[in-house]
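# Understanding the architecture of this molecule
Spelled out, the chains give:
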Amino acid sequence: GESVGLHLPTLSVQEGDNSIINCAYSNSASDYFIWYKQESGKGPQFIIDIRSNMDKRQGQRVTVLLNKTVKHLSLQIAATQPGDSAVYFCAENRGSSNTGKLIFGQGTTLQVKP
Amino acid sequence: EAQVTQNPRYLITVTGKKLTVTCSQNMNHEYMSWYRQDPGLGLRQIYYSMNVEVTDKGDVPEGYKVSRKEKRNFPLILESPSPNQTSLYFCASGSGTGLPGANVLTFGAGSRLTVL
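Residues numbered from 1 in each chain as written. Chains lettered and ligands numbered in written order. Predicted model: local features only at pLDDT ≥ 70, side-chain atom pairs only at ≥ 80, totals over all residues. Heavy atoms only, no water.

### Comments concerning the overall build of chain A
Scanning chain A from terminus to terminus reveals zero helices and 11 strands. Its helices and strands taken in sequence order, chain A reads β-β-β-β-β-β-β-β-β-β-β from the N to the C terminus. Counting over 114 residues, chain A shows a buried share of 45%. Here the analysis covers contacts within chain A between residues at least 6 apart in sequence; of these, 54% occur between residues at least 24 apart. With an accessible surface of roughly 5400 Å², chain A has 45% of that area assigned to carbon and sulfur atoms. (Helix = DSSP H or I, 4+ residues; strand = E, 2+ residues; numbered from the N terminus. Buried < 20%, exposed > 50% of the residue type's maximum accessible area, 1.4 Å probe, protein only. Contact = heavy atoms within 4.5 Å. Areas by Shrake-Rupley, 256 points an atom, 1.4 Å probe, with all protein chains shown as cover.)

### Digging into the nonpolar core
Formed by 20 residues in total, the largest nonpolar core has its most connected members in A:W35, A:L73, A:L75, A:Y88 and A:L110. Counting residues per element, the ones that place at least two in this core are strand 2 (10–14), strand 3 (19–25), strand 4 (32–38), strand 5 (45–51), strand 7 (62–67), strand 8 (72–77), strand 9 (86–93) and strand 11 (108–113) of chain A. (Core = buried A, V, L, I, M, F, W, Y, C linked by side-chain atoms within 4.5 Å.)

### Description of the state of the cysteines
Under the defined criterion, the tally for this structure stands at two disulfides over all chains. Paired through a disulfide, A:C23 and A:C90 show a sulfur-sulfur distance of 1.8 Å. Classification of the bridge connecting A:C23 and A:C90 rests on its S-S torsion, roughly 50°, and on that basis the disulfide is right-handed. With A:C23 in strand 3 and A:C90 in strand 9, this pair connects stretches of sequence that are 67 residues apart. Overall, the relative accessible area of 1% leaves A:C90 in the buried class. Between B:C23 and B:C91 runs a disulfide, and the two sulfur atoms are separated by 1.9 Å. The sign of the S-S torsion, about -75°, decides the handedness of the disulfide formed by B:C23 and B:C91: left-handed. (Disulfide = S-S within 2.5 Å.)

### Describing the side chain of B:S33
All names here are of chain B. Mapped onto the fold, S33 is located in strand 4 (residues 31–38). Engagement of the side chain of S33 in a polar contact is seen with the side chain of Q45, the distance being 2.9 Å. Only 3.2 Å separates the side chain of S33 from the backbone oxygen of Y47, close enough to count as a polar contact. Setting aside residues no more than four positions away along its own chain, S33 makes contact with Q45, Y47, Y48, F74, F90, C91 and A92. (Polar contact = N/O pair within 3.5 Å; in protein donor to acceptor, adjacent residues only side chain to side chain.)

Here you go:
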């Protein structure tokens, strides 16, 4: 069945290092992917998105990579800071891009060590 | 300030007692949605609405109702709550249909519901 999953529930990194958070998806028809960040006690917040006709997109300190061949996407955070500590969710738009039906992964908790 | 407001933020209730969680957005967004968040399961979509008077089931709609009579409001109704509906609920809105509007969502702060 369709699913979006993250490889690791928890990732611990040293402040200043780069972080890589991975996500696998199973629906080959998905054409749009998003990363959300959820800080403790708050709702998820949009970070960056990527369409299936791209393999890389960069934002401020973040990069999303999409590999459609193996149905994998990743979120890279450069020079990780304590404020990056949060749960990160990948999400895919299920099939039709007009439906707004997002399927979220289970989340990866990023812990930044000082 | 552009935001999605949910109320109540915390609620403890008993099985069978009807309750409504309100959601309001001030961004004139067409798209609104409800999610529940449970440990190990991530965010699961309950219902969504593409516009006024248009609602559709998400992945876990059983036991819930919604309505969209006005653009800004999208209440979640639990007619007869049960303990398995104990969860953290999030309302979200998006700027429109199609990419990316319906997917770049603004979330509320969440409503933690406990059903005894």
